[in-house]
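Breakdown of the fold
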Amino acid sequence: MTVNTPLCFRGKKILAPMVRVGTLPMRLLALDYGADIVYCEELIDIKMLQCKRVINGKYEVLETVDFVAPNERIVFRTCEREREHVVFQMGSADAERALAVAKLVESDVAGIDINMGCPKEYSTKASMGAALLSDPDKIESILTTLVKGICKPVTCKIRILPSVEDTVNLVKRIEKTGIAAIAVHGRKKEERPQHPVHCDVIKAISEAISIPVIANGGSHDFIKEYADIETFQKATAASSVMIARAAMWNPSIFREEGFCPLKDVMQDYIKYAVRYDNHYTNTKYCLCQMLREQLETTQGKKLHAAQSTQEICEVFEMGDFYEETTAVFEAKKTSLETKMQDEDDQMDDPDVIKMAVRFDKREYPPQITPKMYLLEWCRKEKHPQPVYETVQRPLDRLFCSVVTVAERKYRSTLWDKSKKLAEQAAAIVCLRALGVPEGKLCEGENHLINKRKRGDQERLISRDHGEDLAEPSHKKANFIEETSDMNGPKM
């Protein structure tokens, strides 16, 4: 596919992917100070595939795009400011899963990266990270699938192998997949930051392939200030430089004019953390990395003891900023909630029977839903089958459904996360208003379950006698439609 983004990997200063550090506030701060490209922290493909993409974050106040897990945890948050600069790094050991995640996020990011260098056990045990270095066939499969399957540029980040020859052979094979660039951490997987970075190996790679090589691993030996970035680039003959720990300690390392005072850097970071509702534990962790040797000072101890974003702000004399920003958010939230209530009022048809109910599949037997009970009741009473009309509220993207049965309308006053859940809630309202069982476990004997068991037994007997008593196609279609609702919302 044609790459339709201006992202280029030559002559760039890049924020490296760092677990717990490369979240939105740090990425935005690095861009402010002069970074050209920022990588997010490694995110695992399986976790991302469980996420739901939510535009504008909570209450549309944050103006973000969030990828939200089923437990409501924000796994990845981004915004328009970084859309042309952020590379999404994922951990994956499966080409199809990697492609599914890439398609999920590609409209919100500038590129996709596969982590092939993480030496941590949690990554290598799952055949991800540095474990991929010993499986070039899988590397080729993942990268080729991504390059062919998405429009954004694909990169990967590796560590070097025990021999220069093996490393060069591997990157030549990687280059043939069609990726846009390769980042090389100049250490072997068993080496740590205190070990010297192998500039000679990165240089050999740079000279062996034609795609951009991004040199990484120079914080300990080379990069102490902005001018050292070029020194490291020349030593490795790389196209670009990726900075991890030096940027974690002070992201103004990207500033051509030199470092900003650490106090100013930390306050700038906190502003982004508050503005984008960053979880206080992550904010505290990043600030502790910046304080380093100052953690034993009075300020450092207060930071360590902080148990909320507000307390963190107070440690850095930013209590007023926190209160002002929070007040703005609350005002926006109130305004949006008023709009949502207005929309509810517009749906407030006096002829619609309403109750405040939700569908919880844990309260029902497997493969049994209120919609199935309502359909069965309509057939028994010779009514037309139920008709569901569902709307989605734009402000928070929740759903509400109205069901029409025997020319009467029913709906729940509670809005749901998915169309299917909203329809089930409407069915519950109808069944309760009619005084009809809805199939809950607490209702005792379930005639639908017994009916299905009898049907299964009859089919088994007829099969033993060579008879074909397959259900009519329209009944099969109804069965598929209804049982599919048991899967709940797709997250």
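Check the entry above for the structure.
Let me sum up the structure you'll find in this document. Since the model is a prediction, treat every value here as computed from it, not as a measurement.

The next thing to look at is the overall build of the protein chain. In terms of regular secondary structure, the protein chain is built from 18 helices and 16 strands. Long-range contacts, defined as pairs at least 24 residues apart, comprise 68% of the intrachain contacts of the protein chain with a sequence gap of at least 6. Accessible surface computed for the protein chain: about 23,700 Å², of which carbon and sulfur atoms make up 50%.

The next subject is the nonpolar core. Grouped together as the largest cluster of nonpolar side chains are 109 residues, with contacts concentrated most on M48, F88 and I182. The contacts of M48, once residues within four sequence positions are left out, are L43, F67, V75, F76, F88, V101, L104 and V105. Formed by 21 residues, the second largest nonpolar core is a distinct cluster that contains M372, L374, W377 and L431.

Looking now at the sheet that holds strand β14 (residues 387–393). Taking strand neighbours across the sheet as the criterion, the 4 strands line up as β13-β16-β15-β14 in an open arrangement whose pairing is mixed. On the outer flanks of this sheet lie β13 (352–355) and β14, each paired with one strand and no other. Adjacent strand axes in the sheet meet at a mean angle of 25°, parallel and antiparallel pairs treated alike. Pairing geometry for β14 and strand β15 (residues 398–405), over 7 bridges, is antiparallel. Residue pairing for β15: V391 is matched across the bridge by C400. Sitting on the sheet, helix α15 (residues 370–380) is in contact with β14 and β15, with an inclination near 15° to β15. On top of the sheet, helix α16 (residues 419–434) reaches β13, β14, β15 and β16 (408–412); it is set at about 40° to β15, its chief contact.

The next subject is the sheet that holds strand β5 (residues 65–68). Taken together, 3 strands build an open sheet; the order of strands is β4-β5-β6 and the sheet is antiparallel. For this open sheet the edge positions go to β4 (52–55) and β6 (74–78), each flanked by a neighbour on one side alone. Adjacent strand axes in the sheet meet at a mean angle of 20°, parallel and antiparallel pairs treated alike. As paired strands, β5 and β6 are joined by 4 bridges and run antiparallel to one another. For V68, the partnering residue across the bridge sits in β6 and is I74.

With that out of the way, let us pick up the packing of helix α1 (residues 24–33) against helix α10 (residues 262–275). Their axes nearest at 9 Å, the elements α1 and α10 cross at an angle of 130°. One way to sum up the angle between α1 and α10 is to call them oblique. The two elements α1 and α10 meet at a crossing, and its hand is right-handed. Contact residues: P25, M26, L28, L29, D32 and Y33 in α1; D264, V265, D268, Y269, Y272 and A273 in α10. Residue classes in the contact of α1 with α10 are distributed as 9 nonpolar, no polar and 3 charged.

Turning to the packing of helix α7 (residues 199–208) against helix α8 (residues 227–236), a few remarks are in order. Axis separation between α7 and α8 bottoms out at 7 Å; the angle between their running directions is 65°. Classed by the angle they form, the pair α7 and α8 counts as roughly perpendicular. Along the contact surface, α7 presents C199, I202, K203 and S206, while α8 presents F232, A235 and T236. Residues belonging to the contact of α7 with α8 are distributed by class as follows: 4 nonpolar, 2 polar and 1 charged.

Scanning the model with the defined rule gives 23 salt bridges in all. A salt bridge links R83 to E84; the nearest nitrogen and oxygen atoms lie 4.0 Å apart. One network of salt bridges, in which partners are shared, links E80, R83 and E84.

A separate point is α7. Here α7 has its buried residues at C199, V201, I202, I205 and S206. Seen along its axis, α7 keeps its buried residues to an arc of 165°; they face one direction. Turned more than 90 degrees away from the buried face of α7 sit D200 and E207, all of them exposed. Buried residues belonging to α7 abut α6 (164–175), β10 (181–185), β11 (213–216) and α8.

With respect to the helices, strands and loops of the structure, E423 is situated in helix α16. Residue contacts for E423: discarding those within four places in its chain leaves K371, Y388, T390 and S401.

On to the packing of aromatic side chains. Under the counting rule described, the total for this entry stands at 5 aromatic pairs. Seen in terms of ring centroids, F76 and F88 are 5.1 Å apart; in terms of plane orientation they differ by 80°. Their pairing is edge-to-face. With a gap of 12 residues between them, F76 in strand β6 and F88 in strand β7 (residues 86–91) connect regions that are remote in the sequence. Accessibility assignment for this pair places F76 and F88 in one class, buried.

Below, the discussion takes up unusual backbone geometry. Although it is not a glycine, E317 sits at a positive phi angle of roughly 55°. Within the secondary structure layout, E317 lies in the loop between α13 (309–315) and α14 (319–346).

Residues E311, E314, D320, E323 and E324 make up a contiguous surface patch of negative charge. Top element by residues in the negative patch is α14. It accounts for 3 residues. As for its position among the elements, D320 is in helix α14. Note on D320: relative accessible area 58%, which makes it exposed.

Of note, Q233 is situated in helix α8. Note on Q233: relative accessible area 23%, which makes it partly exposed. Separated by 19 residues in sequence, Q233 and I214 place their C-alpha atoms 8.7 Å apart. With near-sequence residues (within four places) excluded, Q233 lies in contact with A238, S239, S240 and V241.

A word on the pairing of strand β12 (residues 240–243). Burial along β12 is two-sided: the face carrying S240 and M242 and the face carrying V241 and I243 are both buried. Sheet analysis places strand β1 (residues 13–15) next to β12, joined by 3 bridges and oriented parallel. In the strand pairing of β12, K13 is matched with V241. Sheet topology note: the β11/β12 ladder contains 3 bridges and is parallel. Residue pairing across strands places A215 opposite V241, the latter belonging to β12.

Calculation criteria
Residues numbered from 1 in each chain as written. Predicted model: local features only at pLDDT ≥ 70, side-chain atom pairs only at ≥ 80, totals over all residues. Heavy atoms only, no water. Helix = DSSP H or I, 4+ residues; strand = E, 2+ residues; numbered from the N terminus. Contact = heavy atoms within 4.5 Å. Areas by Shrake-Rupley, 256 points an atom, 1.4 Å probe, with all protein chains shown as cover. Core = buried A, V, L, I, M, F, W, Y, C linked by side-chain atoms within 4.5 Å. Buried < 20%, exposed > 50% of the residue type's maximum accessible area, 1.4 Å probe, protein only. Pairing = 2+ DSSP bridges. Axes fitted to C-alpha atoms, helices over the stretch in contact; angles between N-to-C directions. Parallel < 35°, antiparallel > 145°, perpendicular 65-115°, else oblique. Left-handed = near helix turned anticlockwise from the far one by under 90°. Nonpolar A, V, L, I, M, F, W, Y, C, P; charged D, E, K, R; others polar. Salt bridge = Lys/Arg side-chain N within 4 Å of Asp/Glu carboxyl O. Arc of directions from axis to C-beta. Phe/Tyr/Trp six-rings, centres within 6.5 Å; stacked < 30°, edge-to-face > 60°. Patch = residues over 30% accessible without salt bridge, like charges linked within 9 Å, V, L, I, M, F, W, Y side chains within 5 Å. Lys, Arg positive; Asp, Glu negative; His and termini not counted. Charge placed at Lys NZ, Arg CZ, Asp CG, Glu CD.

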